[in-house]
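Residue-level listing of the chains:
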Amino acid sequence: MSLELKEISDFLKQHHPFDLLPDDVINALPKRLTARYFRKGTKVLSPEQQCLHLHIIRTGGTETRDPDGQLLARLGEGECFGVRAMFRNGKAANNITMLEDSLVYLLPEKDFHDLAGKYPQFNYFFEQMGGARLRSGMQLLEKRDDDQLKLMSIRVSDLIARDLVSIDIGASILEAGKLMSAERVSCLLITQNGDKVAGIMTDRDLRNRVVAEARSFDEPVTNIMTPNPISIGPDDYAFDALLTMTRHNVRHLPVMKDGKAIGMITTNNLLARQSLSAVHMVGRIRKMTRPADMAKVIAQVPELLSNLIEAGATSRNAGHIVTTLSDAATSRLLQLAEEKFGPPPVPYVWMAGGSQGRQEQTALSDQDNCLILDDAYDPDQHGDYFKSLADYVCDGLDTVGYVYCPGEMMAKTAEWRQPVRVWQQYFNKWIEQPEPKALMLCSVWFDLRVIHGTRAIFEDLHRMIVTKAKGNRIFLAYMVGNALTHHVPLGFFKNFVMIRGGEHDRTLDMKHNGVVPIVDIARIHALANGIDVVNTYERLEAAMAFPSISKQGASDLLDAFEFISITRLKHQVRQIRDGDRPDNFLHPESLSAFERTHLKDAFSVIKNLQAALESAFGKSGT
């Protein structure tokens, strides 16, 4: 092979999907190519123009616009155009114009189809573009066989194994016992007025409350049942059911829908399906009395995350499971604080914000939390109590491993430990006067989730926030302006724009330039449409029902979020295995050519949806 042909072959081997071809095939390919130079501004293809070659850009760049002039893509070195023509009988679909003087290799149509017919990976790459290609790529990467992940993918309704067995509230213990024996069940639901749940009776009740206490079998079943049993919904995950059982030390959970029992699940349903590591970690935390002991459990989070990712976890599953541990530590510290300082003088609710609020934590998370107090709160009478409680919990979380928020957005800061009326003033001001600092605060405090306390305190405030933000176009335009300050690291020709200089030289910031832009987009669509969930996946899924974002756009953004998030988590897992502290700064060279291509696709999706966001809501403040 001549040096010139070898140089072309080496070029192709550096670019996807040619890098997937066997060496003998790719070494023979340069002889099939024709080189052409195009001057800047040359229109190479027009709609319906005959196109009998795949065009591979060696140097320079192109711009693709649809027949209506809408910009579709800008391509650079190593990328291809004329692809659609290859799949529509050699007829070009769009306008392709050279943005600068360019050298392009032309691969004949027959050779293209020969390669696509022989090599599925080559065909797969070109058959699907953009969001569809990203989606299929992710499906190829998915492989889930971990028991915990199965629990995250199974709904409670899928665990209901048989028809519900119940007995009327007027029955005796003897009648209830006979029914349990006949039906071969370990618990009975006690009902009244037909299908209204009054309580639950288990085999443990028969053992501990009847036999051990020598009760008469003729006593009413109500004497030994547990009234108003803890229940779960059919759409909850099996993982959450197991957590609920562990938290309340129960082995049976009625499944309730619209106020009626539709089934029963037991620990046996769950134990048959999974191993318990994350749930056991939560269980251990709930029994501990010292933050230093909890820190030993939380120190295992990187290993847990590593196991989850190796088992094929989605970032959605991993975020939910990892956040469950910080929720458990927070709840336990609040219980200990109430034991130490006494019962709260007025009702309160402890809220998590930011990534914990959205249930999207990783191996690298700090604190974002606040206290919302009942309006009966009096600073002179109650201030010291709640300051002590907040200091105890925030200091404890820091000891456990969730470091202080650099911006002091924590309940230990007096500003974020206020009664409902003050929080109403805060949100009113942020929405009516969206200054830069207010927009920064919105990114944390618009993602609040209840962790502990009187939920009703937040529900009223939340309704006010959702109602006030919905349809407030001036506020939303400022939110858009703030969101668009987070640029995706993709250049004019779809090349990566990396950090230059400093500690993170030649890396991509996967958090601030990948995850955060999508979180921002999802939050704006949620606020604009009155959507009250805060998880980014759930916000985008809910937004599909509204015209502010297309279903296809939301679907592509969900895939982009998953791909960027899982790439970030895999990067952190690699650092954990190497004994390094996990961070968000990724060297693109650490990815395969396949992964780099799909990462560019994901960034392109964000760019397109950011442009659509500005079109839908306008842009102010920048």
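Residues numbered from 1 in each chain as written. Predicted model: local features only at pLDDT ≥ 70, side-chain atom pairs only at ≥ 80, totals over all residues. Heavy atoms only, no water.

1. Digging into the UniProt feature "domain: Cyclic nucleotide-binding" (unreviewed entry) in the chain
In step 1: The residues that UniProt annotates with the feature "domain: Cyclic nucleotide-binding" (unreviewed entry) are residues 17-118.
In step 2: Strand forms 36% of residues 17-118 and helix 20%; the C-alpha atoms that close the span are 14 Å apart. (UniProt positions renumbered as here; feature names shortened; annotations may be inferred. Helix = DSSP H or I, 4+ residues; strand = E, 2+ residues; numbered from the N terminus.)

2. Observations regarding the sheet that holds strand 10 (residues 187-192)
In step 1: Across the sheet, four strands lie side by side as 9-10-11-12; this open sheet has mixed pairing. Unpaired on one side and paired on the other, strand 9 (166-168) and strand 12 (226-227) mark the two borders of the sheet.
In step 2: Both strand 10 and strand 11 (residues 196-202) contribute to a ladder of six bridges, which runs antiparallel. Each bridged residue has a counterpart across the sheet, and for Leu189 the counterpart in strand 11 is Ile200. (Pairing = 2+ DSSP bridges.)

3. Points about the pattern of salt bridges
Pairing between side chains of opposite charge can happen when the charged atoms of each approach one another.
In step 1: For the structure shown, the criterion picks out 24 salt bridges.
In step 2: The partner of Lys387 in a salt bridge is Asp391, and the shortest N-O contact between them spans 2.8 Å. Linking Lys387 with Asp391, this pair stays in helix 17 (residues 379-400), spanning four residues, or about one helical turn.
In step 3: Overall, the relative accessible area of 40% leaves Lys387 in the partly exposed class.
In step 4: Classification of Asp391 by relative accessible area gives buried; the value is 15%.
In step 5: Here the salt bridges do not stand alone but share partners, grouping Arg358, Glu360, Asp447, Asp520, Arg523 and Arg539 into one network. (Salt bridge = Lys/Arg side-chain N within 4 Å of Asp/Glu carboxyl O. Buried < 20%, exposed > 50% of the residue type's maximum accessible area, 1.4 Å probe, protein only.)

4. Here we look at the confidence of the model for the chain
Do not read the predicted coordinates in detail wherever pLDDT is low.
In step 1: Chain-level pLDDT for the chain is 87 on average; 93% of the residues reach the 70-or-more range.
In step 2: Within the model, pLDDT remains below 50 along residues 142-146, and this stretch shows eleven contacts once partners closer than five positions in the same chain are excluded. (pLDDT = per-residue confidence, 0-100. Contact = heavy atoms within 4.5 Å.)

5. Observations regarding unusual backbone geometry
In step 1: A positive phi angle, close to 45 degrees, is found at Asn228, a residue other than glycine.
In step 2: According to the relative accessible area criterion, Asn228 is exposed, its value standing at 66%.
In step 3: Backbone geometry places Arg506, a non-glycine residue, at a positive phi of 60 degrees.
In step 4: Considering the arrangement of structural elements, one finds Arg506 in the loop between helix 21 (473-483) and strand 19 (508-509).

6. Some points on the nonpolar core
In step 1: Among the nonpolar cores identified, the biggest contains 122 residues, and Trp430 and Trp445 are the most heavily contacted of them.
In step 2: Once you skip the residues sitting within four places of it in the chain, Trp445 turns out to touch Asn369, Cys370, Met409, Trp416, Trp423, Phe427 and Trp430.
In step 3: Judged by nonpolar contacts, the second largest core, of 37 residues, contains Phe11, Leu45, Met98 and Phe126. (Core = buried A, V, L, I, M, F, W, Y, C linked by side-chain atoms within 4.5 Å.)

7. Details of the sheet that holds strand 15 (residues 348-352)
In step 1: One open sheet accounts for four strands, arranged 17-16-15-18; its pairing is mixed. Strands at the two margins of the open sheet, each flanked by one partner only, are strand 17 (417-419) and strand 18 (449-453). Recorded for the sheet is a direction-independent mean angle of 30 degrees between the axes of neighbouring strands.
In step 2: The sheet contacts of helix 15 (residues 315-341) involve strand 15 and strand 18, and relative to strand 18 the element is tilted by about 30 degrees. (Axes fitted to C-alpha atoms, helices over the stretch in contact; angles between N-to-C directions.)

8. Considering the packing of helix 22 (residues 511-529) against helix 25 (residues 593-617)
In step 1: Remark: helix 22 packs on helix 25, axes separated minimally by 10 Å, with the N-to-C direction vectors making an angle of 30 degrees. Considering their axes alone, helix 22 and helix 25 lie roughly parallel with respect to each other. At the point where helix 22 passes helix 25, the crossing takes the left-handed sense. Only Phe603, Ile606, Leu609, Gln610, Leu613 and Phe617 of helix 25 make contact with helix 22, whose side of the interface consists of Asn513, Gly514, Pro517, Ile518, Ile521, Ile524, His525 and Ala528.
In step 2: Its residues assigned to classes, the contact of helix 22 with helix 25 shows ten nonpolar, four polar and no charged. (Parallel < 35°, antiparallel > 145°, perpendicular 65-115°, else oblique. Left-handed = near helix turned anticlockwise from the far one by under 90°. Nonpolar A, V, L, I, M, F, W, Y, C, P; charged D, E, K, R; others polar.)

9. A short note on helix 15
In step 1: Over its 27 residues, helix 15 extends 38 Å from the first C-alpha to the last, a length consistent with the 39 Å expected when each residue adds 1.5 Å.
In step 2: With 21 of 27 residues buried, helix 15 is to be regarded as a mostly interior element.
In step 3: Among the residues trailing helix 15, Gly342 stands out with phi positive, at a value near 95 degrees. (Expected span 1.5 Å × (residues − 1).)

10. Focus on the environment of Ile96
In step 1: With respect to the helices and strands, the residue Ile96 is situated in strand 7 (residues 95-98).
In step 2: Given the relative accessible area of 5%, Ile96 is considered buried.
In step 3: Through-space distance from the C-alpha of Ile96 to that of Ile224 is 78 Å; in sequence the pair is 128 residues apart.
In step 4: Look past the residues within four positions of Ile96 in its chain and what remains in contact with it is Thr42, Lys43, Val44, Leu45, Thr62, Glu63, Thr64 and Phe81.

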